[in-house]
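Architecture and fold: a report
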Amino acid sequence: MKKKFVVIGILLAFLISTVAVTTAKHKPDFKPSHATDIELVKKVTLKGPKAKGGKRAKQASTGVLGELCKGEKYAIIIGISDYPGDENDLRYADDDAVDVYNTLVNVYRFSSDNIYLLIDRDATIDNITAAIEDVKGKAQTGDEVVFFFSGHGARGIADDGDREKIDEAIVVHDGSNLVYLWDGDLKQLFSGFSTSRIFSAFDSCLAGGMTDLKATGRVIAMASTENGYSYEIPTLENGEFTYYFFEQGMHGLADNHPQDGNVTVEEAFDYTKASCDLDRPTISDSFENDLLL
Ligand SMILES: [Ca+2]
Ligand SMILES: [Ca+2]
Ligand SMILES: [Ca+2]
Ligand SMILES: [Ca+2]
């Protein structure tokens, strides 16, 4: 938790816990796939200050605004700093989730009624799958769905319905143990949506493995390559990717292609890629032209 925002954080947590959280009505029956040779790949919390600099990269943004969302906007936001036990805890993944929540509500005018915010102890496999099924039941053609995860990643050999030799997972929990939600499982959970307008973002190690969620109309932004680490930076009080994408980029700093008062997902990605020193963000963009949330 950020020290200077603790009071605000407590207030916000109170508000969220009393009014804003939409709880899933679905009774989940989803079980993640069995896997072997699992290797937990922990997000790295930087010890010292971050190096200066940045790189120019090939732009993801075309500068042309794609079709706008004319329907409802839904989001599932997950951030896990406090995993069961003390071995695997992070510092800023919970802050990442709160910042993404605030960005969607304040910048992109999402209704808090349509946001499932699952932080720490609430980010159980059952709550996550129930939230996805809930949104799947609600979202109509033309509606928009955002899925965000900040926490650890893992790799392993999973029976998750695809033909990959090595699978990547996001790491969640069931209240007492770590639970691995594999790329093939997520692909299955995200199949059958009525809308193709789905943006997902992963601030975790090995996030690049989540390109498996690719489908027409979707954009997937990932903090790292399929083999790379992701980092959280104390001076930024966030994961590096989340900070540049949501905290800076989407709050206006990425608005340059064109500078029109809107920050598209592709603009935010370009800004993030150029700004990150440690993360190596990757994108899978199957949305025609630029996606404005
Ligand atoms: Ca813990
Ligand atoms: Ca897989
Ligand atoms: Ca713009
Ligand atoms: Ca695009």
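Note that the coordinates shown come from a computational prediction; the quantities given were computed from them, not determined experimentally. (Residues numbered from 1 in each chain as written. Chains lettered and ligands numbered in written order. Predicted model: local features only at pLDDT ≥ 70, side-chain atom pairs only at ≥ 80, totals over all residues. Heavy atoms only, no water.)

**Focus: the coordination of the calcium ion (ligand 2)**
Looking at the metal site, the calcium ion (ligand 2) is ligated by D160 (OD), D162 (OD), D162 (OD), E164 (OE), D167 (OD), D183 (OD) and D183 (OD), spaced 2.0 to 3.1 Å from it. Every donor residue of the calcium ion (ligand 2) comes from the same chain, spaced as D-x1-D-x1-E-x2-D-x15-D. Looking at D167, the relative accessible area reads 0%, which means it is buried. (Donors = N, O, S within 2.8 Å, 3.2 Å for Na, K, Ca; no water. Buried < 20%, exposed > 50% of the residue type's maximum accessible area, 1.4 Å probe, protein only.)

**Some words on the nonpolar core**
Counting 42 residues, the largest nonpolar core has I78, F147, F149, L186 and F202 as its most contacted members. The element contributing the most residues to this core is helix 3 (residues 125–138), with five residues. With 41 residues, the next largest nonpolar core counts Y101, L104, A268 and F269 among its residues. (Core = buried A, V, L, I, M, F, W, Y, C linked by side-chain atoms within 4.5 Å. Helix = DSSP H or I, 4+ residues; strand = E, 2+ residues; numbered from the N terminus.)

**Comments concerning the coordination of the calcium ion (ligand 1)**
The protein atoms that coordinate the calcium ion (ligand 1) are D82 (OD), Y83 (O), G85 (O), D89 (OD) and D89 (OD), at distances spanning 2.1 to 2.5 Å. Mapping the donors of the calcium ion (ligand 1) onto the primary sequence gives the spacing D-Y-x1-G-x3-D.

**Considering the sheet that holds strand 8 (residues 178–182)**
Strand pairing in a sheet relies on backbone hydrogen bonds, with the paired strands running either antiparallel or parallel. Read from one edge to the other, the open sheet built from four strands follows the order 1-6-7-8, with strand pairing classed as antiparallel. Two strands close off the open sheet at either side, each with one partner strand: strand 1 (35–41) and strand 8. The average angle at which neighbouring strand axes cross in this sheet is 35°, direction not considered. For strand 6 (residues 153–158) and strand 7 (residues 167–173), the ladder comprises four bridges, and the chain directions are antiparallel. Within strand 7, the position partnered with G156 by the bridge is D167. (Pairing = 2+ DSSP bridges. Axes fitted to C-alpha atoms, helices over the stretch in contact; angles between N-to-C directions.)

**Quick look at the side chain of S150**
Topologically, S150 is positioned in strand 5 (residues 144–150). Classification of S150 as buried rests on a relative accessible area of 0%. At a separation of 2.8 Å, a polar atom in the side chain of S150 contacts the side chain of K43. Excluding its chain neighbours within four sequence positions, the residues that come into contact with S150 are K43, I78, G79, I80, A93, D96 and D203. (Polar contact = N/O pair within 3.5 Å; in protein donor to acceptor, adjacent residues only side chain to side chain. Contact = heavy atoms within 4.5 Å.)

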